[in-house]
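Structural features, examined
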Amino acid sequence: MRQNTFPRAEILKHRDFLRLQKQGKATRNPYVTAVFAPGIQDVTRLGITAGKHVGKAWQRNRIKRLIREFFRLNRHLLGRNWDINISVKKEATVLASSRLFSECKTVFLKVSEHALNGL
RNA sequence: CGAAGCAGCACAAGCGGUCGCCGGACCCUUCAGGGAUCCGGAGGAAAGUCCGAACAUCGAAGGGCAGGGUGCUCCAUAACGUGGAGUCGCGGCAACGCGAAGGAAAGUGCAACAGAAAGAACACCGCCUCGCCCUAAAGCGGGGUAAGGGUGAAACGGUGCGGUAAGAGCGCACCAGUUCCCCGGGUGACCGGGGAAGCUCGGCAAACCCCACCCGGUGCAAGACCAAAUAGGGGAACACCAGAGGGUGGCCCGCCCGAGUUCCCGGGUAGGUCGCAUAAGGAUCCGGGUAACCGGUUCCUCCAGAUGAAUGACCGCUGCCCGGCCAGGGGUAACCCGGACCGGGUACAGAAUUCGGCUUACGGGCUGCUUCGACCG
RNA sequence: GUCCCCAUCGUCUAGCCCGGUCCAGGACACCGGCCUUUCACGCCGGCAACAGGGGUUCAAAUCCCCUUGGGGACG
């Protein structure tokens, strides 16, 4: 049986990014910023923003793959269904993968606190 | 053995396990969707966007101007600013490398400072001569002179002999160059040989420019089709005295629309589908050509096709590289080689319409050829 | 993705088209001095830049090529 999947349909589209920009709440640490709002579909959907200032194309692809991988394995930390946009900062490119995973974990736990507060 | 040069080739660490992503085929299903199996899934530069094309579209892309590009020759190519083979020049002992390499006796310009003068030389010092003061010297004035000094990045051929008041291609010999002519070789750039003219007229066209050749613009966010919400207009045909006025790719000529009548319902944004992967395609063999490349034969095509954008993460083992440290070996020594262990690293870098090049970034390896030096035979 | 533009003291800029006068000028800022009881103002002086690498040229901030770094337009 397939488990911990992350199909393409659970990636945010353009209009979702605009909605998050207007209505979302944000939490951040020195490496990533998470903008989030309650999900409009049954599942949690993820978007990743890594602009050109972050680095070269292969560096941006690496960061996005790592964040997708972390989301795939740790989406249960979030508590409920959200729409989340993870925005990557330039400093994240130098991190080892394990360090990046732990940074993402702190952000995910902050988001789940908002779920407990009944947002 | 050491140092160096050139050309070509394949690769871009490998294997196993677990969890995942994208596309396709086919099957099952509760037909929105979900699931099983199988197949495929980044590069030599995918990069920079520096050139060239294909393709699409744009006042019908007709003409002219402006503008841009290229610049030794021949060949190759769909085309090129690319490639191949040569020519000439420069650098290197050499192998070899580098060169935007047409024209400066078409024209206009430019050359700071220094210097007398920067291009048909106007004489600063100097040399020679004439005149003036009685002669000489000195001085002043007129003239001749580019051999010497000095300046500069660059100074109007070089050496010798003659010649002269002093000098000067002023004359002669040789050398260097230029222009023209003839002969021979080469498709040609050009090369070799001979002759004539004292012709010596320099540099910069990556200054304007001249000459030769090439280029219409825009670019897949091109463009075609389907098509919510909202707003309201748009299109076609016919007629026509007049053409006000308007639209046009940088400009002009030119071209088109343009007041009336009739008919039709479509245009277009969000969003979606196509364009979108069979192509100047790859491999084998044969033939032609010095080569780039061309012609033919057979075979292979599911062979990446995403769109907030797939090809990844973790674990283990092995390979390679670097550093540390300890055995060991060689050597008088400096030092060199090297096995185990520990730690770290494993390049540059990610397809976005598709090809042909160029440029830049970057890891180690293999093969072949050549040059120079040292030693031995 | 495609197509354009730009780069000069710490900052804003002049010079670039048409090379030499430029070891690059000006303003603000900074530093030192004078003036003032002190500060400010004013005056005098100083520090400080052609993004990097090649090429053309006697000579390059300027002309040409490559690289790097910024910025913009197009749905």
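Residues numbered from 1 in each chain as written. Chains lettered and ligands numbered in written order. Predicted model: local features only at pLDDT ≥ 70, side-chain atom pairs only at ≥ 80, totals over all residues. Heavy atoms only, no water.

Glancing now at a positive patch on the surface. A grouping of Arg-8, Lys-13, Arg-15, Arg-65 and Arg-68 is seen on the molecular surface, where their side chains present a positively charged patch. By secondary structure assignment, the location of Arg-68 is in helix 2 (residues 57-74). (Patch = residues over 30% accessible without salt bridge, like charges linked within 9 Å, V, L, I, M, F, W, Y side chains within 5 Å. Areas by Shrake-Rupley, 256 points an atom, 1.4 Å probe, with all protein chains shown as cover. Salt bridge = Lys/Arg side-chain N within 4 Å of Asp/Glu carboxyl O. Lys, Arg positive; Asp, Glu negative; His and termini not counted. Charge placed at Lys NZ, Arg CZ, Asp CG, Glu CD. Helix = DSSP H or I, 4+ residues; strand = E, 2+ residues; numbered from the N terminus.)

Here we come to the packing of aromatic side chains. Scanning the entire structure with this criterion turns up five aromatic pairs. Ring centres of Phe-36 and Trp-82 lie 5.2 Å apart, and the angle between their planes is 85°; this geometry places the pair in the edge-to-face category. Taken together, the positions of Phe-36 in strand 2 (residues 32-38) and Trp-82 in strand 4 (residues 82-88) put the pair 46 residues apart, joining distant regions of the chain. Residues Phe-36 and Trp-82 agree in their burial class; the two are buried. (Phe/Tyr/Trp six-rings, centres within 6.5 Å; stacked < 30°, edge-to-face > 60°. Buried < 20%, exposed > 50% of the residue type's maximum accessible area, 1.4 Å probe, protein only.)

Of note, Phe-71 is situated in helix 2. You can call Phe-71 buried: its relative accessible area is 0%. Sequence separation of Phe-71 and Lys-105 is 34 residues, and the distance between their C-alpha atoms is 9.3 Å. Each residue touching Phe-71, except ones within four places of it in the same chain, is listed here: Phe-6, Thr-44, Leu-46, Leu-78 and Phe-108. (Contact = heavy atoms within 4.5 Å.)

Now for the nonpolar core. Core analysis: the biggest nonpolar cluster contains 26 residues, and Leu-46, Ile-67, Leu-78, Ile-84, Ile-86, Val-88 and Leu-100 have the highest contact counts within it. Every element with two or more residues in this core is listed here: strand 2, strand 3 (45-49), helix 2, strand 4 and helix 3 (97-116). For Leu-78, the contacting residues outside a window of four places in its chain are Thr-44, Phe-71, Ile-84, Phe-108, Val-111, Ser-112 and Ala-115. (Core = buried A, V, L, I, M, F, W, Y, C linked by side-chain atoms within 4.5 Å.)

Turning our attention to the pairing of strand 1 (residues 25-28). Bridge count for strand 1 against strand 2 is four bridges, and the pairing is antiparallel. When the sheet's bridge partners are listed, Ala-26 is paired in strand 2 with Val-35. The hairpin turn running from strand 1 into strand 2, its antiparallel successor, is three residues long. (Pairing = 2+ DSSP bridges.)

The four strands lie next to each other as 1-2-4-3, forming an open sheet whose pairing is mixed. Two strands close off the open sheet at either side, each with one partner strand: strand 1 and strand 3. With direction set aside, neighbouring strand axes in the sheet form an average angle of 20°. One ladder, built from five bridges, connects strand 3 with strand 4; its direction is parallel. For Thr-49, the partnering residue across the bridge sits in strand 4 and is Ser-87. (Axes fitted to C-alpha atoms, helices over the stretch in contact; angles between N-to-C directions.)

The next point concerns the side chain of Arg-45. You can see Arg-45 is positioned in strand 3. Only 3.1 Å separates the side chain of Arg-45 from the side chain of Asp-16, close enough to count as a polar contact. Residues in contact with Arg-45, not counting those within four places in the same chain, are Ala-9, Glu-10, Leu-12, Asp-16, Ile-40, Trp-82, Asp-83 and Ile-84. (Polar contact = N/O pair within 3.5 Å; in protein donor to acceptor, adjacent residues only side chain to side chain.)

Any link to function would need more than the numbers given here.
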